[in-house]
Each structure stands twice: as structure tokens, then as C-alpha cells.
Amino acid sequence: MQVIDLRGISCPTNFVKAKLALEDLDDGTTARILLDDGEPVKNVPRSLKADGHKLLGLRQTDEGYYILELTKVEG
Amino acid sequence: MADEKQTKLDLNNLKAGGFIKERGKDLFTVRLRVPGGRMSVPRLKKIAEVAEKFGGEFVHLSVRQSIELININFKDFDAVVEALGEKNQKVASCGARVRVPVACGGCEYNPNGLVDTQKSALEVDEKLFGTPTGHHKFKVAFAGCPFDCPKSATNDIGFQGAIYPALDRDACISCGLCAKSCVPKAIVMGEDNKPVFSNDPCIWCGDCVKVCPTEAWSVRKKGYTVRIGGKWGRNPLVGTLFATFLPEDKAIDFTAAVLEWYKQKAEGFGRIRLGDTIIKEGPEALLEHLHNIFPQYTVAETIAPQVIATQIGK
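Remember, predicted model here, so these are calculated numbers, not experimental data.

**Structural notes on the overall build of chain B**
Here's step 1: In terms of regular secondary structure, chain B is built from eight helices and 13 strands.
Here's step 2: Here the C-alpha coordinates of chain B stretch approximately 95 × 45 × 45 Å along the principal axes.
Here's step 3: A burial count over chain B gives 40% of its 314 residues as buried.
Here's step 4: Of the contacts made within chain B by residues no fewer than 6 positions apart, 68% connect residues no fewer than 24 positions apart.

**Comments concerning the sheet that holds strand 2 (residues 30-35) of chain A**
Residues and elements named next belong to chain A.
Here's step 1: Reading across the sheet, the four strands line up as 1-2-4-3 and stay open at both edges, with mixed pairing between neighbours. The open sheet is flanked by strand 1 (2-5) and strand 3 (54-60), the only strands paired with a single partner. Neighbour to neighbour, the strand axes of the sheet diverge by 20 degrees on average, direction disregarded.
Here's step 2: Two elements, strand 2 and strand 4 (residues 66-71), share six bridges in a ladder whose sense is antiparallel. Pairing of Thr 30 across the sheet is with Thr 71, part of strand 4.

**Some points on the sheet that holds strand 6 (residues 140-143) of chain B**
Residues and elements named next belong to chain B.
Here's step 1: With mixed pairing, the five strands of this open sheet are ordered in space as 5-6-7-10-12. Among the strands making up the open sheet, the edge pair consists of strand 5 (102-103) and strand 12 (240-246).
Here's step 2: Bridge count between strand 10 (residues 217-228) and strand 12: four bridges; the pairing is antiparallel. Within strand 12, the position partnered with Val 226 by the bridge is Ala 243.
Here's step 3: Of the strands in this sheet, strand 10 and strand 12 are in contact with helix 8 (residues 283-293), which crosses strand 12 at around 20 degrees.

What counts, and at which threshold
- Residues numbered from 1 in each chain as written.
- Chains lettered and ligands numbered in written order.
- Predicted model: local features only at pLDDT ≥ 70, side-chain atom pairs only at ≥ 80, totals over all residues.
- Helix = DSSP H or I, 4+ residues; strand = E, 2+ residues; numbered from the N terminus.
- Buried ≥ 20, exposed ≤ 12 C-beta atoms within 10 Å, placed from the backbone.
- Contact = placed C-beta atoms within 7 Å.
- Pairing = 2+ DSSP bridges.
- Axes fitted to C-alpha atoms, helices over the stretch in contact; angles between N-to-C directions.

These values are about where atoms sit, not about what they do.
Here it is, written out as C-alpha cells:
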């Protein structure tokens, strides 16, 4: 499972890093993206969805950060 | 005695205002008409050219999105108007007339924008700009969403973009972001881990729709929240609610209807703004007038424009 840890990275750098990391993955790969609560989790998931990737789930961990699961879709 | 050329001036150019006398002898500020603050690059280049040729060392960006040419000699009015006309740049208004509408960027490129404020501003400008009110200035503003950067309720008539959300429960992945983002708490997560919506606290901001990663929340309807009677200056008033979810294509007719009422009802009160007219006549009078023309969008009841007490404490 590809894990892309974007905790501690503010917007829009986190989105740009996610984009770039996903570019390196094969079409159809599932990835887990770790995001901080607040602006990052409010912005990054839908921006990645707008880029064409398939969002599978989004849940908050006990520690407070979020895990976004998605499948990379080649744009 | 040398031959003196008679100063020729086309006084028609001065009809709608926009030429404002400065302190210096024979000098005027020329306020340009820039509805919604949208300035194409060719027009901007032409303005710079004209400013360089006829104006002072700088132009001024006014608080209502205009570009003002400074230190224009009145003898150059015709030449300035003609040169600007080459790129369709017109002069704005001042005085007791409908002013150039102000608008934020709207939904074109700003992901927060809910409605096309630029389109509304251009339409209202085209149809109603410069209309004499007979009493005082008349200011119009369009805001794309409840962030309301243009401060719409401080205008005689202010339009604020709004959306009413709808939920597709099957598309919902129970991430809880909508409930988390909802500031007035109109959305809370239910026991089945799906969102529960309450109509009363909802302020139609659309944050739920914007944040939803799967488009489970979508726009059921959208339009303008309309507030009337605002003004600033020495005795500020904030406009109050008169219509909700007014379709964007009805903004012109709605504004025209408010103008009609203002022209009539302010008769005999001298130099009075719309807000003070509403306070004098009672908001029900305007409400009834609007309800007769726009029954589906006019609210059932409202309050008079509210005084903003900026002098307390001095």
C-alpha cells in the first residue's frame, strides 16, 4: 500500500505534493494519503477528486489526522 | 489682443456625471466605468495611454473598483472621452444616479463563488447605469457567496450568492467533513453515520457541497439573497432581508422595481437615501410592492434597515 504522508504540510503545498506523488504511481494503484485536520482535509480530497482520481474512503484516526484512500486514475 | 480660441466642449459627455472637480484650477478627476472591477488588458493599456497623455503622474484605484484619471484639464474632456472610446472605455457616474455595480470575481475562477456575479454586474450596468433617481445616489453590489467580500448589505441593494444543498445518501462515504465544515451546525452526523440536515440554521453558504469528496452533497437550487437599504458615510445603515433565492436572471428587474419604489416614495423628503426612505415608510411598504411583482422570492416579513452605531463612545 502506497502511503503518502502529508501531515505537517500546509495548503496548497500538500495538494501539489500529492499530485506529484500520484503521478509516479501506476494507473489503478490504491494509495493512502495522510492529512492533517483543518484546511488540509477540507481541500485536498476534493482537489484530488477533481483531478480525476477515485476516492474510496476518508476517516479520522484517534490521533486526529485523516486517512484518505483513493485509486489513482491516469489523467 | 491675441486671438483666443473658444473652448469647445460637448456637454453631452458630462450628462451622466463622472467628472469631479478637483482643487486645482480647471482640473477634474475622471471616474471610469468598470462594472464588477473587470478590466481587460487592451482597455487597461488604453487607459494608461490616455492617463500618460492627459493626466497626472498616477491614476487612482477607487474603493468601488473604478480607475480614476487625475488632474484632467476640462479642455481635454472631449479628447479623453474619444480616446477612451476607442477601446470602449466609458466614464462612470456620480451624483443622484445609479452608480456602477460592484462585484467580486464570482464563480468563474474562484472555487468559493456560487453564482456568476460578473454577469449580473454587467447586465445591471448595461440596463440601469446612470439612471437619475431624483433623490440621491443608488449603489448596487454583487457577492458570489456569504463570505461577501463586496459587503453587499452596505449598498442600497446588495445581492449575495446562495445555494440550498441536497444529499444523495448512497454516494455518501460517511467521512463527516460536511458536519465538520458546517459553521452554523445545520449538518450533524446521525446515528447511522450519515449527515442529518436542519433547515433553520443553514446560511446557504455551500461549504458542505464544496467539501464533500464524493459529491453526495449537491446544489438543489441557487440564487441571490437580497438585502436592501444599506449605506455608509456619516449615518451608516445595514440593509435587511427582502428576498431569497432570487434567480440570477431576475436581478435587473428586481433592482428596477426597487428603484421605481424609491423614486416615488422619496418624493418630498429631499436628498434622502433608500434606507432612510424605508425607515420612514416602514419596510412593509417596500415588501408589499416587491411581493406583488416577485411573490415566489420576496420574504414574508422583514425589519427596517438597521442603524450601525459608529458614534457611541466619543
